[in-house]
Amino acid sequence: MSRTAIHRVLVGLAVLAVGAAFLAAPAAGAAVAGTAVAKAGTNYAFDDPFSSSRTSWWRSARFGMFIHFGAYSQLEGVYTRPDGTTCKNAEWIKRACNIPMADYEKVAAKFNPASFNADAIVSLAKAAGQKYIVQTAKHHEGYAMWPTKVNTWNLRDHSAFNKNRDILAEMKAAADKHGIRYGLYYSIWDWHNPNFTANFAQYKKDMYAQLKELVTNYHPAILWFDGEWTVDNPTNPWSAADGEDLQAYLHGLDPKLIVDNRAGKRRVVDGDFGTPEQAIPAAPVDGQPWESCMTINGHWGFASYDSKWKSATTLTRNLIGIAARSGNYLLNIGPDRTGAVPAGAAKALQGMGSWLGANGQSAAVYGAGVARNVVPPAWGNVAWAPGGRLEASVYTWPGAGKPLHLSTVTPLTITGAKVLGSSQKVTVTKSGDGYDLTPSGGPTNGIATVIELTVTTPGAVTGTGTGLTAQYWANSSYTGAPAVMGQI
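Residues numbered from 1 in each chain as written. Predicted model: local features only at pLDDT ≥ 70, side-chain atom pairs only at ≥ 80, totals over all residues. Heavy atoms only, no water.

What follows covers the pairing of strand β12 (residues 389-394). Burial analysis of β12 places five of its six residues in the buried class, which makes it a mostly covered element. Strand direction decides the pairing type here: strand β11 (residues 380-385) and β12, joined by six bridges, are antiparallel. Bridging from a neighbouring strand, Ala383 pairs with Glu391 of β12. Across six bridges, β12 lies against strand β17 (residues 449-456) in antiparallel orientation. By the bridge assignment for β17, Glu391 is matched with Glu452. (Buried < 20%, exposed > 50% of the residue type's maximum accessible area, 1.4 Å probe, protein only. Helix = DSSP H or I, 4+ residues; strand = E, 2+ residues; numbered from the N terminus. Pairing = 2+ DSSP bridges.)

In this section: the packing of helix α11 (residues 312-323) against helix α12 (residues 343-356). The description of two packed helices rests on the angle between their axes and on the distance between the axes. Packing of α11 against α12 leaves a shortest axis separation of 8 Å and a crossing angle of 55°. Of the possible angle classes, the one that applies to α11 and α12 is oblique. Note that α11 runs across α12; the crossing there is right-handed. When α11 is examined against α12, the residues Ala312, Leu315, Thr316, Leu319 and Ile320 are found in contact with a partner set consisting of Ala348, Gly351, Met352, Trp355 and Leu356. Of the residues in the contact of α11 with α12, the class split is eight nonpolar, two polar and no charged. (Axes fitted to C-alpha atoms, helices over the stretch in contact; angles between N-to-C directions. Parallel < 35°, antiparallel > 145°, perpendicular 65-115°, else oblique. Left-handed = near helix turned anticlockwise from the far one by under 90°. Contact = heavy atoms within 4.5 Å. Nonpolar A, V, L, I, M, F, W, Y, C, P; charged D, E, K, R; others polar.)

Here the focus is the sheet that holds strand β14 (residues 413-419). Across the sheet, five strands lie side by side as β10-β11-β12-β17-β14; this open sheet has antiparallel pairing. At either margin of the open sheet sits one strand with a lone partner, and together these are β10 (369-370) and β14. Here β10 runs beside β11; their pairing, made up of two bridges, is antiparallel. Paired with Val370 across the strands is Ala383, a residue of β11.

So, about the confidence of the model for the protein. When pLDDT is averaged across the protein, the result is 91; 90% of the residues are at 70 or more. Note that residues 1-45 has pLDDT below 50 and, in this model, 97 contacts with residues that lie over four places away or in other chains. (pLDDT = per-residue confidence, 0-100.)

Attention now moves to the packing of aromatic side chains. Counted by the stated rule, this structure contains 24 aromatic pairs. Between Trp57 and Tyr132, the aromatic rings sit 5.7 Å apart at their centres with planes inclined by 80°, giving edge-to-face as the arrangement. Taken together, the residues span a long stretch of sequence, with Trp57 in helix α3 (residues 56-61) and Tyr132 in strand β4 (residues 132-138) at a distance of 75 residues. Taken individually, Trp57 and Tyr132 each receive the classification buried, so the pair is uniform in this respect. For the ring pair Phe66 and Trp300, a centre distance of 5.8 Å and an interplane angle of 80° mean the geometry is edge-to-face. Taken together, the positions of Phe66 in strand β1 (residues 63-67) and Trp300 in the loop between β8 (290-295) and α11 put the pair 234 residues apart, joining distant regions of the chain. The exposure class assigned to Phe66 is buried, which follows from its relative accessible area of 2%. Clustering of aromatic rings is evident, with ring pairs tying together Phe69, Tyr104, Phe111, Phe116, Tyr143 and Trp153. Sitting above the plane of the Tyr305 ring, Lys88 keeps its charged end 4.6 Å from the centroid. The ring of Tyr366 is capped by Lys131, whose NZ or CZ atom sits 4.5 Å from the centre of that ring. (Phe/Tyr/Trp six-rings, centres within 6.5 Å; stacked < 30°, edge-to-face > 60°. Lys NZ or Arg CZ within 6 Å of the ring centre and 35° of its normal.)

Phe225 and Leu349 are the most contacted members of the largest nonpolar core, which has 85 residues in total. The element best represented in this core is helix α9 (residues 200-218), accounting for eight residues. With residues near it in sequence (within four places) discarded, Phe225 still touches Tyr186, Ile188, Met207, Leu211, Leu246, Leu250, Val259, Asp260, Arg262 and Ala263. In this structure, Trp379, Leu390, Trp397 and Ile414 belong to the second largest nonpolar core, which totals 19 residues. (Core = buried A, V, L, I, M, F, W, Y, C linked by side-chain atoms within 4.5 Å.)

With an omega of -5°, the peptide bond running from Asn233 to Pro234 counts as cis. Mapped onto the elements of the fold, Pro234 is located in the loop between β6 (222-226) and α10 (240-253). A positive phi angle, near 45°, is found at His219, a position not held by glycine. Note that His219 resides in the loop between α9 and β6. Residue His219 is classed as exposed on the basis of its relative accessible area of 51%. Non-glycine residue Gln278 carries a positive phi angle of around 55°. Inspection of the secondary structure puts Gln278 in the loop between β7 (258-259) and β8.

Looking now at the environment of Pro439. Along the chain, Pro439 falls in strand β16 (residues 434-439). Residues Pro439 and Pro398 lie 41 residues apart in sequence; the distance between their C-alpha atoms is 8.3 Å. Not counting the four nearest positions on each side in its chain, Pro439 is found in contact with Trp397, Pro398, Lys402, Gln424, Lys425 and Val426.

Set out below in structure tokens:
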């Protein structure tokens, strides 16, 4: 039994016991932690995404850019019906506004994102402090944003765009130039390909062919899937078995690929990470690495009427809180129909980058994770950081001479404290269930001031037990011989 299977079985025993029947799966032989070698018959992750060298860069990156850009961008969020009435939506506008396919194809034929500037977009991501990018290669509308050979429903063959340009290739080149990892989004659900409903087996062949193009031509570090859910109009037949086959196929193409859990059915065994959307979990997510994908305003694709941009303060604190729960933050931009990034989105991202680039405050984000030995405080967030440090991001600064109280849940000793970007003294005093931290001066900025604590903890205690044994049955009554067994 692989380490991944054992790890996830144990998590399942703790938090997903009711899923015993559907989580049971044949073991595929032992996988060595940190390796990326697909085993015959392996349907799920073939190593442990919590510890694998394959996912190590992603786990430390913490901050990425999502880009929603497709033929829907041509409408910029507003569809005018033949009778003169309007309907508003963004990337779902075709379905939400019930646009006839023939009319939608006419819209796509006018799409001409001549102002799309890959270097400018990647430079914006770098200035924001984002370490990776995930760009929509194909959304639910089925429109391919690269010159696919599978069909003509794509940016080269069905648009007014320069047929000699390939924006995915341009983005990949710019990302490599600036040291940013490049990933691609692909929707399983497809509103345009008739085989999706008429001949699903053929659709899967088409899908695999397109994915091979993407992996071979653009070498993405991440493939981010979506549209796996059960839905109609059109009916989506995607199954857990389809997801297992897909993951095995992808790892055969590139064993280093990182894949989200929507490649399957969002089970704990699917993909390498979970994908909470437009939400930040209140506590660390057990069972798998995770990433919150969120918008800067209220839409994924560009909507001309939506100028409600979240502030740099809100977004930065979101990032700090997510990192303090060991998650990643995938923050979206939606270029307009010309390919230009909205000024409001750019301003917010630049504000985040300014905070990350000052005073060494990024230590509270990159490579940081949950500090399980303290209680999350009301005045901000506290993250664990390598080197025996806690990074306390303070949102509500205390009055002069007043302390910040930090409650502890396991023994630790604070051996040092300093305010990043300031020479002021921080007095540390044991108090009640933890420590009082009393800075001698004011905050360094209005978004978050980081107090870095150096801590020590008691050494590990050597136990006398023989390990843990896990058993899973392929039925809900737990009868017969276990289908999966393992011991650590």
